[in-house]
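Below, each chain spelled out in residue letters.
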Amino acid sequence: MSEVKSSPSGGVRGGFVLVQCPATVANLVCGFDILGMALAEPYDIMKLKLIDEPKVIITNKDAYNLPTDAEKNVAGVVLLSVMEKMNNQFGFEVEITKQIKPGSGLGSSAASAAGAAVAANHLLNHIFSREELVQFAMNGEKLASGVKHADNITPCITGGVTLIRSIHPLDIVQLHSPPLFVTVVHPQIEVKTSDARQILRKEVLLKDAIKQWGNIAGLVAGFEKADTDLIGRSLEDVIIEPVRSILIPGFDEIKTKSKEAGALGGGISGSGPSIFMLCKEEATAKKVEQIMQEIFTQLGIDFKTYVTTIAQEGVKVVNAK
Ligand code: ADP
């Protein structure tokens with residue numbers, strides 16, 4: 001039988017928590033680094049236990065071969081930062097079952113980072129605030145992409161659609177999310193977040209910035225008012241997408257044909273290569289899936305598709321003892 005005793009923080013050692021960590025779509029086309037949404041599918045599973053020794057032991061239960069060295073795995077980095085905050089009085093054992101492929105642009109690293117922060121907080125009797133969890137989890141994003149960004153982390157923790165108005169100081173705004181369907185295609189090609197960031201221009205023309213401001217404001221207003229036409233009109237990116245989309249074969253054709261089929265709009269998920277489209281009806285979302293399948297089949301590129309919804313809940317405790 002495992003040892004059960006009170007931790008200094010009031011948590012109980014020997015117990016465990018099992019969490020479900022959703023995939024996320026960052027940027028939402030025009031909101032580079034500031035907007036994101038959680039998806040009902042796919043999701044990772046993570047099991048966490050408190051242990052006496054101040055170290056992080058990682059086991060991977062999937063085929064992705066991610067590092068088990070705590071300093072090289074985003075979940076490990078996040079847990080080490082939680083431990084440091086608590087004066088290294090204990091450690092964690094973590095089991096990761098990854099279903100969101102790393103490097104997909106669907107927030108695979110954020111799922112591990114946010115999942116680790118939320119699960120640790122559960123074991124520590126919820127001592128940390130939402131903002132503190134985002135801060136811990138951003139340490140994982142720094143490891144994965146070199147930059148502390150919260151546009152995947154925040155919706156992964158809180159669910160729905162989120163706006164990061166500012167990182168310093170952290171200012172998170174939860175937006176309304178109408179019940180929309182999301183079609184996602186993940187072509188099995190590699191686009192590294194760090195590479196997708198490097199190719200971006202560092203300067204923006206004022207006329208482009210004005211268009212982008214209009215679209216971001218329109219998109220936020222569209223979500224708040226549940227105005228799906230406004231959401232559709234605002235899903236336009238004149239700054240990042242024209243540069244990044246060249247890394248994704250078939251992108252323009254998918255976007256054009258999906259909109260012709262009735263999708264509200266969409267674009268690159270995070271830094272790609274996944275592409276997402278928002279639809280009002282499930283039947284349209286399925287038509288869009290067919291279009292995506294046909295295009296990548298013609299291109300001879302393997303792919304995976306999902307027809308899902310916006311997840312109203314973020315990292316979810318599915319079992320605990
Ligand atoms: P995504 O947008 O799908 O999260 P990223 O490129 O941002 O993709 O992150 C994936 C990178 O992070 C890969 O280099 C991967 O090896 C690294 N990584 C380290 N730990 C994890 C983890 N627990 N989950 C996912 N990726 C991880």
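What counts and what doesn't
Residues numbered from 1 in each chain as written. Predicted model: local features only at pLDDT ≥ 70, side-chain atom pairs only at ≥ 80, totals over all residues. Heavy atoms only, no water. Helix = DSSP H or I, 4+ residues; strand = E, 2+ residues; numbered from the N terminus. Rg over C-alpha atoms; globule rule 2.2 N^0.38 Å. Buried < 20%, exposed > 50% of the residue type's maximum accessible area, 1.4 Å probe, protein only. Contact = heavy atoms within 4.5 Å. Areas by Shrake-Rupley, 256 points an atom, 1.4 Å probe, with all protein chains shown as cover. Lys, Arg positive; Asp, Glu negative; His and termini not counted. Charge placed at Lys NZ, Arg CZ, Asp CG, Glu CD. Expected span 1.5 Å × (residues − 1). Patch = residues over 30% accessible without salt bridge, like charges linked within 9 Å, V, L, I, M, F, W, Y side chains within 5 Å. Salt bridge = Lys/Arg side-chain N within 4 Å of Asp/Glu carboxyl O. Domains from an automatic or database assignment. Buried area = accessible area lost by both parts, 1.4 Å probe. Polar contact = N/O pair within 3.5 Å; in protein donor to acceptor, adjacent residues only side chain to side chain. Nonpolar A, V, L, I, M, F, W, Y, C, P; charged D, E, K, R; others polar. Pairing = 2+ DSSP bridges. Axes fitted to C-alpha atoms, helices over the stretch in contact; angles between N-to-C directions. Phe/Tyr/Trp six-rings, centres within 6.5 Å; stacked < 30°, edge-to-face > 60°.

1. A closer look at the overall build of the chain
Here is step 1: Across its full length, the chain carries 10 helices and 13 strands.
Here is step 2: In summary, the chain has a C-alpha radius of gyration of 20 Å against a globular reference of 20 Å for 321 residues, a match within 12%.
Here is step 3: Once the C-alpha set of the chain is aligned to its principal axes, its extents read approximately 60 × 40 × 35 Å.
Here is step 4: Buried positions account for 55% of the 321 residues belonging to the chain.
Here is step 5: Contacts spanning at least 24 positions in sequence make up 73% of the contacts within the chain whose residues lie at least 6 apart.
Here is step 6: Summed over all atoms, the accessible surface of the chain reaches about 13,900 Å², with 51% contributed by carbon and sulfur.
Here is step 7: Charge separation in the chain, taken as the distance between the mean sites of 32 positive and 36 negative side-chain charges, equals 1 Å.

2. A look at helix 3 (residues 130–145)
Here is step 1: If you check helix 3, its first and last C-alpha atoms are 22 Å apart, about what 16 residues at 1.5 Å a residue would give, namely 22 Å.
Here is step 2: When we look at burial in helix 3, the residues that qualify are L133, V134, F136, A137, M138, G140, E141 and S145.
Here is step 3: On the buried face of helix 3, the contacting elements are helix 1 (74–85), helix 2 (108–123), helix 4 (153–158), strand 8 (171–175) and helix 5 (193–198).
Here is step 4: G146 sits one or two residues past helix 3 and shows a positive phi near 85 degrees.

3. Some points on the environment of G159
Here is step 1: Looking at the element boundaries, G159 is found in the loop between helix 4 and strand 7 (161–166).
Here is step 2: The exposure class of G159 is buried, given its relative accessible area of 0%.
Here is step 3: Distance from G159 to A40, taken between C-alpha atoms, is 9.3 Å for residues 119 residues apart in sequence.
Here is step 4: Contacts of G159, omitting those with residues within four sequence positions, involve A38, T154, Q174, A311, Q312, E313 and G314.

4. Concerning a nonpolar patch on the surface
Here is step 1: Taken together, I199, I246 and L247 make up a surface patch of nonpolar side chains, about 270 Å² in accessible area.
Here is step 2: With respect to the element layout, L247 can be found in the loop between helix 8 (241–244) and helix 9 (251–260).
Here is step 3: Exposure remark for L247: the relative accessible area of 34% places this residue in the partly exposed category.

5. Overview of the domain arrangement of the chain
Here is step 1: Under the domain assignment used here, the chain contains domain 1 (17–175 + 311–320) and domain 2 (181–309).
Here is step 2: Roughly 2,400 Å² of surface becomes buried between domain 1 and domain 2 when both sides are summed, with 66% attributable to carbon and sulfur atoms.
Here is step 3: Looking only at domain 1, the three residues that lose the most surface to domain 2 are V29, C30 and F32, adding up to 28% of its buried area.
Here is step 4: Where domain 1 packs against domain 2, one counts one salt bridge.
Here is step 5: A salt bridge links R197 to D33; its shortest N-O distance comes to 2.8 Å.
Here is step 6: Across the domain 1-domain 2 interface, the total number found is 10 residue pairs in polar contact (both at pLDDT 80 or more).
Here is step 7: The set of elements that each furnish at least two residues to the side of domain 1 that touches domain 2 consists of strand 3 (16–26), strand 4 (35–51) and strand 8.
Here is step 8: Looking at the side of domain 1 that touches domain 2 residue by residue, the classes come out as 18 nonpolar, 10 polar and three charged.

6. Overview of the sheet that holds strand 10 (residues 265–268)
Here is step 1: Sheet architecture is open: four strands sit in the order 10-11-9-12, paired in antiparallel fashion. The sheet is open, and its two borders are formed by strand 10 and strand 12 (303–309), each paired with just one other strand. Strand after strand, the sheet turns through a mean of 15 degrees between neighbouring axes, direction not considered.
Here is step 2: Sheet topology note: the strand 9 (residues 181–187)/strand 11 (residues 275–279) ladder contains five bridges and is antiparallel. Of the residues in strand 11, the one forming a bridge with T183 is M277.
Here is step 3: Those strands touched by helix 9 are strand 9, strand 10 and strand 11, and its axis lies near 10 degrees from that of strand 11.

7. Some words on the packing of aromatic side chains
Here is step 1: Considering all chains together, one arrives at three aromatic pairs under this definition.
Here is step 2: Between F90 and F92, the ring centres sit 5.7 Å apart and the planes meet at 85 degrees, which makes this aromatic pair edge-to-face. F92 shares its class with F90; the two are buried.
Here is step 3: Note on F296 and F303: the rings are 6.4 Å apart at their centroids and 35 degrees apart in plane angle, and the pair reads as tilted.
Here is step 4: In this structure F303 comes out as partly exposed when scored by relative accessible area, which is 28%.

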